[in-house]
Amino acid sequence: MITIISGTNRQNSVSAKVAHLYKSLLLQHQTESNIIDLADLPKDFVYTALYDNNGKNPEFNKFLEQLRASDKYVFIIPEYNGSFPGALKAFIDGMEYPNSFQNKKCALVGISSGMQGAGLALSHMTDIFNYLGMNVLALKPKLARIESNFDGEEVTDKLYSQLLEEQVIKLLEF
């Protein structure tokens, strides 16, 4: 199973819409997937599911179970202040260490309103996942100026579409 993670807790985010697009791309390759939208996290998970409370929040544990059932992940990572959202880091910190990600595989997609396509965020996330023992796919599309290149359902930029399709194929072979 592949789990796609929309990497922000912002409601109605572009990240969530890109996650749904990615799910449809996987379906075109006869591959089922599920989506974790961080906007659905319990509002108090930072206090009720992390550290000494690990495993004690039933609502957060649903996300943990989804991750456990997956062999591969796709992280849709928006750029926030030159990196990724704090909610995404807190979500990762809430997973069992190191078992949640060790020896698993993931793909990363960066999105941003600006020109860099979340390049620094992808670099930071790659470092974290390398530390956790996860194998990160080398092809990491950086979707810059996302509002101009994504209509909410389809990527309108031909290169971006091509990069996402290539990444899907490589992830399935990974």
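Because the structure is a prediction, the values reported are computed rather than measured. (Residues numbered from 1 in each chain as written. Predicted model: local features only at pLDDT ≥ 70, side-chain atom pairs only at ≥ 80, totals over all residues. Heavy atoms only, no water.)

Asks: Could you give me a rundown of the side chain of threonine 8, with the residues and numbers involved?
Replies: Position of threonine 8 relative to the elements: it lies in the loop between β1 (2–6) and α1 (14–28). A residue is classified by how much of its surface remains accessible, and threonine 8, at 1% relative accessible area, is buried. Here tyrosine 80 takes part through its side chain, which lies 2.6 Å from a polar atom of the side chain of threonine 8. With near-sequence residues (within four places) excluded, threonine 8 lies in contact with Ser13, Ser15, Asp37, Leu38, Ala39, Pro78, Tyr80 and Pro85. (Helix = DSSP H or I, 4+ residues; strand = E, 2+ residues; numbered from the N terminus. Buried < 20%, exposed > 50% of the residue type's maximum accessible area, 1.4 Å probe, protein only. Polar contact = N/O pair within 3.5 Å; in protein donor to acceptor, adjacent residues only side chain to side chain. Contact = heavy atoms within 4.5 Å.)

Asks: Go over the nonpolar core with me, naming the residues and quoting the values.
Replies: Core analysis: the biggest nonpolar cluster contains 32 residues, and Phe75, Phe91 and Phe129 have the highest contact counts within it. Elements supplying a minimum of two residues to this core: α3 (58–68), β3 (72–78), α4 (86–93), β4 (105–111) and α5 (119–131). For this core, the leading source of residues is α5, giving 5 residues. With sequence-adjacent residues up to four places away left out, phenylalanine 91 is seen in contact with Ile5, Ile36, Leu38, Leu41, Phe45, Phe60, Phe63 and Leu67. (Core = buried A, V, L, I, M, F, W, Y, C linked by side-chain atoms within 4.5 Å.)

Asks: I'd like a description of the pattern of salt bridges, backed by residues and values.
Replies: Inspection of the entire model under this criterion finds 3 salt bridges. Look at the salt bridges and you will find they share partners, linking Glu65, Arg68 and Glu96 into a network. (Salt bridge = Lys/Arg side-chain N within 4 Å of Asp/Glu carboxyl O.)

Asks: Just give me the short version of the side chain of serine 100, but keep the residues and values in it.
Replies: Along the chain, serine 100 turns up in the loop between α4 and β4. Looking at serine 100, its side chain comes within polar contact range of the main-chain nitrogen of glutamate 96, at 3.0 Å. Not counting chain neighbours up to four residues away, the residues in contact with serine 100 comprise Tyr73 and Met95.

Asks: I'd love a proper account of unusual backbone geometry, names of residues and values included.
Replies: Comment: phi is negative for the bulk of residues other than glycine, and the bulk of peptide bonds are trans. You will see that asparagine 12, though not glycine, has its phi angle at about 55 degrees, which is positive. Along the chain, asparagine 12 turns up in the loop between β1 and α1. In this model, asparagine 81 sits at a positive phi of 50 degrees, which is unusual for a non-glycine residue. With respect to the secondary-structure elements, asparagine 81 resides in the loop between β3 and α4.

Asks: I'd love a proper account of the environment of leucine 163, names of residues and values included.
Replies: Mapped onto the secondary structure, leucine 163 falls in helix α7 (residues 158–173). Along the chain, leucine 163 and leucine 139 lie 24 residues apart, while their C-alpha atoms are 8.2 Å from each other. Not counting residues up to four positions away in its chain, the partners in contact with leucine 163 are Leu139 and Pro141.

Asks: Outline the pairing of strand β2 (residues 33–37), supporting the account with residue identities and numerical values.
Replies: For β2, the tally of buried residues reaches 4 of 5 residues, placing the bulk of the element in the interior. Bridge analysis of β1 against β2 gives 5 bridges, and the strand direction is parallel. Each bridged residue has a counterpart across the sheet, and for threonine 3 the counterpart in β2 is asparagine 34. Crossover connection from β1 via α1 to parallel β2: handedness right-handed. (Pairing = 2+ DSSP bridges. Right-handed = clockwise from strand over helix to strand, strands pointing away.)

Asks: Explain α3 to me, using residue names and the numbers behind them.
Replies: Those residues of α3 that fall on the buried side of the exposure criterion are Phe60, Asn61, Phe63, Leu64 and Leu67. The buried residues of α3 all sit within an arc of 155 degrees when viewed along its axis, so they share a single face. Set apart from the buried face of α3 by more than 90 degrees, the exposed residues are Pro58 and Lys62. Among the residues of α3, the N-terminal cap falls to asparagine 57, whose side-chain oxygen and the backbone nitrogen of glutamate 59 are separated by 2.9 Å. (Arc of directions from axis to C-beta.)

Asks: Tell me what's going on with the packing of α1 against α7, and back it up with residues and numbers.
Replies: Running from amino to carboxyl end, α1 crosses α7 at an angle of 60 degrees, the nearest separation of the two axes being 10 Å. Our classification of the angle between α1 and α7 gives oblique. Crossing geometry of α1 relative to α7 is assigned as right-handed. Contacts from Leu21, Tyr22, Leu25 and Leu26 of α1 reach α7 at Leu164, Glu165, Gln167, Val168, Leu171 and Leu172. For the contact of α1 with α7, the residue count by class is 8 nonpolar, 1 polar and 1 charged. (Axes fitted to C-alpha atoms, helices over the stretch in contact; angles between N-to-C directions. Parallel < 35°, antiparallel > 145°, perpendicular 65-115°, else oblique. Left-handed = near helix turned anticlockwise from the far one by under 90°. Nonpolar A, V, L, I, M, F, W, Y, C, P; charged D, E, K, R; others polar.)

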